[in-house]
Amino acid sequence: MNLDEKVQLFRSWLERMAAYRMALTIIGVDKTAKAPSQGADYRNRKTALLSGELIRIQNDPEMYQLMEELFEEELDPETARMVELQLKSARRIRAVPADEYVEYQKILGESEEAWLKAKAAKDYSMYEPYLAKLVKAYSSLKQYQKSDLSLFDRILDENQPGWTSEKYDALF
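Analysis parameters
- Residues numbered from 1 in each chain as written.
- Predicted model: local features only at pLDDT ≥ 70, side-chain atom pairs only at ≥ 80, totals over all residues.
- Heavy atoms only, no water.
- Helix = DSSP H or I, 4+ residues; strand = E, 2+ residues; numbered from the N terminus.
- Buried < 20%, exposed > 50% of the residue type's maximum accessible area, 1.4 Å probe, protein only.
- Contact = heavy atoms within 4.5 Å.
- Core = buried A, V, L, I, M, F, W, Y, C linked by side-chain atoms within 4.5 Å.
- Salt bridge = Lys/Arg side-chain N within 4 Å of Asp/Glu carboxyl O.
- Expected span 1.5 Å × (residues − 1).

Asker: What exactly am I supposed to notice about the environment of Arg-21 here?
Answerer: Tracing the backbone shows Arg-21 in helix α1 (residues 3-33). Residue classification places Arg-21 among the partly exposed positions, given a relative accessible area of 34%. Taking the C-alpha atoms as reference points, Arg-21 and Glu-112, 91 residues apart in sequence, are found 17 Å from one another. Beyond its immediate chain neighbours, meaning those up to four positions away, Arg-21 contacts Leu-54 and Gln-58.

Shown next as C-alpha cells:
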C-alpha cells in the first residue's frame, strides 16, 4: 500500500469514528433536551453498546500499526497532527478492556440521568452516590494507562496537553 492509500485508509477510519461520535452526541443532547426519562435505562444500554463499538474501532490493531507507520512518514502538517493526536489517544485507550469501557459508559449514562433529576430537584444528595460510582469507574479505567503522572495530572494532560496541577497551582 502506498502512502496516499494509507492516508486515505486513515481518514476513512476517522470518518467512521466520527459517525459513531456524532450518533452518541445526538443521543446525549436528546437525553438532556427532549427524551422521556422513562426510556433512560434503555437509552443508556444502547449508548453503552455504541460506545463499545467505538472503542473496538479505535483499538483496531491494523489501524494502530498504520498510525505507527504514518507517524514516521513525511506528511502534510494537518495529516501529521491528526496522526499524532490519534496515536496518542490510541496508546492511552488501547490498554482499557472493552467490557470495562462499556460498563463505564453505562455508569456515565446513569450518572447523567441522576444529575438531571438532582438538578431539577435542587438536591445534590440525590446525585452523590452516582458521582462516587462514576469517579471509582473512571479511576479504574485510568489504572490501565501507564504513566508517572498522578491520576489528576493525567486527566489534565488529556484535556490540556502538557499542563499539570503544578502549572495550574502557579496560576492561582
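So that's the structure; there's more coming.
Asker: Honestly, the nonpolar core in this entry has me stumped. Any pointers?
Answerer: Side chains of a nonpolar character, in soluble globular proteins, are inclined to be buried together. Phe-10, Trp-13, Met-17, Met-67 and Leu-70 are the most contacted members of the largest nonpolar core, which totals 17 residues. Broken down by secondary-structure element, the contributors of at least two residues to this core are α1, α2 (40-58), α3 (61-71) and α4 (77-93). Here the element with the most residues in this core is α1; it accounts for six residues. Core analysis: the second largest hydrophobic core is formed by twelve residues, Val-96, Tyr-101, Ile-107 and Ala-114 among them.

Asker: In this structure, what is going on with the environment of Met-82? I would like to understand it.
Answerer: In this structure, Met-82 sits in helix α4. A relative accessible area of 22% places Met-82 in the partly exposed class. Once the C-alpha coordinates of Met-82 and Ala-48 are considered, the two residues, 34 residues apart in sequence, prove to be 26 Å apart. Once residues within four sequence positions are removed from consideration, Met-82 is found in contact with Phe-10, Arg-11 and Leu-14.

Asker: Explain the pattern of salt bridges here, please?
Answerer: One side chain can pair with another of opposite charge once the charged atoms of both are near each other. Evaluation of the coordinates by the stated rule reveals nine salt bridges. Among the salt bridges present, the one from Arg-81 reaches Glu-84, with a minimum N-O distance of 3.3 Å. Of this pair, Arg-81 and Glu-84 both sit in helix α4, three residues apart, roughly one helical turn. The class of Glu-84 is partly exposed, set by a relative accessible area of 37%. Through salt bridges with shared partners, one network takes in Arg-92, Lys-142 and Glu-158.

Asker: What exactly am I supposed to notice about α1 here?
Answerer: An α-helix turns once every 3.6 residues. As a result, residues three or four positions apart point the same way. Here α1 is 31 residues long and its end C-alpha atoms lie 44 Å apart, about the 45 Å a rise of 1.5 Å per residue gives. What α1 keeps buried is the set Lys-6, Val-7, Phe-10, Trp-13, Leu-14, Met-17, Leu-24 and Lys-31. Buried-residue contacts for α1 involve α2, α3, α4 and α5 (98-121).

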